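These are the residues of each chain, in order.
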Amino acid sequence: MTTTPLLLITADPAHPLAHLALRYAHAYLREASNHSENSRIDDNDINDSDNPNTKRALLNVFFYGDSAHTANRLRWQSAEQIDLTKEWQSLAEQYQLSLPVCVSTALSRGVSDADNSTRHQLEGANLAAGFTLVGLSELALMMQDDCRLIQF
């Protein structure tokens, strides 16, 4: 059994570590998918990894603390800078990644989905598509699995 990396991203999107986390995720997923394709070709077997119900995530990501700003759909980036929100959305779509964000750190930074806006009587929702607000129990569950925790 291989370990699944868990990227615990805590850096604000303007911080270089936030960009490094994205680059790491891109490189890791590209390598993991190439390795997966090559091993299927070599095996010529149908294994459990071909069954979507038993397929393990190639990579787990969790946004905590200041990285919750990444999930703000109203965050603007100038043209010469990488838009981390859009980049994470694209990566998540390409590799079927979930993008969980700690709900309490998101709310305290002004990032909310429709449910929490109603619950906490906020004026609107600004959570970017593809991101989800979750409790810390989600992080605990990811850490229960055989994972390699990498914090950015």
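Just so we're clear, the structure is a prediction, and the values are computed from it rather than from any experiment.

Enquirer: Sorry, what's going on with the overall build of the chain here?
Expert: The helix and strand inventory of the chain stands at five helices and five strands. Nonlocal contacts in the chain, meaning residues at least 24 apart in sequence, comprise 76% of its contacts between residues at least 6 apart. For the chain, the accessible surface area stands at approximately 9,100 Å², while carbon and sulfur atoms represent 50% of it.

Enquirer: Just to check I follow, could you spell out the pattern of salt bridges for this structure?
Expert: Opposite charge on two side chains lets them pair, provided their charged atoms get close. One pass over the structure, following the stated rule, counts one salt bridge. Taking the shortest distance from any N to any O, the salt bridge between arginine 109 and aspartate 66 comes out at 2.8 Å. One end of the pair, arginine 109, is in the loop between α3 (103–108) and α4 (114–119); the other, aspartate 66, is in the loop between β2 (60–63) and α2 (84–95), with 43 residues separating them in the sequence.

Enquirer: In this structure, what is going on with the confidence of the model for the chain? I would like to understand it.
Expert: Interpretation of the predicted coordinates at a detailed level should be avoided for regions scoring low in pLDDT. Residues at a pLDDT of 70 or more form 84% of the chain, whose mean pLDDT is 87. Every residue in residues 40–54 is under pLDDT 50, and counting partners more than four places away or in other chains gives eight contacts.

Enquirer: Teacher, can you tell me more about the side chain of aspartate 113 here?
Expert: Looking at the element boundaries, aspartate 113 is found in the loop between α3 and α4. Buried charge without a partner: aspartate 113 forms no salt bridge, and the closest opposite charge is arginine 119, 6.0 Å away. Setting aside chain neighbours within four positions, we find aspartate 113 in contact with Ala125, Leu127 and Leu133.

Enquirer: What should I look at first to understand the nonpolar core in this one?
Expert: Where a protein is soluble and globular, its nonpolar side chains tend to be buried together. Ranked by internal contacts, the top residues of the largest apolar core, which has 29 residues, are Leu7, Phe63, Trp88, Leu91, Val101 and Phe131. Excluding its chain neighbours within four sequence positions, the residues that come into contact with tryptophan 88 are Leu7, Ile9, Ala21, Leu22, Ala25, Val61, Phe63, Thr70, Leu99 and Phe131. Grouped together as the second largest cluster of nonpolar side chains are seven residues, Leu6, Leu8, Leu139 and Met142 included.

Basis of the calculations
Residues numbered from 1 in each chain as written. Predicted model: local features only at pLDDT ≥ 70, side-chain atom pairs only at ≥ 80, totals over all residues. Heavy atoms only, no water. Helix = DSSP H or I, 4+ residues; strand = E, 2+ residues; numbered from the N terminus. Contact = heavy atoms within 4.5 Å. Areas by Shrake-Rupley, 256 points an atom, 1.4 Å probe, with all protein chains shown as cover. Salt bridge = Lys/Arg side-chain N within 4 Å of Asp/Glu carboxyl O. pLDDT = per-residue confidence, 0-100. Buried < 20%, exposed > 50% of the residue type's maximum accessible area, 1.4 Å probe, protein only. Lys, Arg positive; Asp, Glu negative; His and termini not counted. Core = buried A, V, L, I, M, F, W, Y, C linked by side-chain atoms within 4.5 Å.

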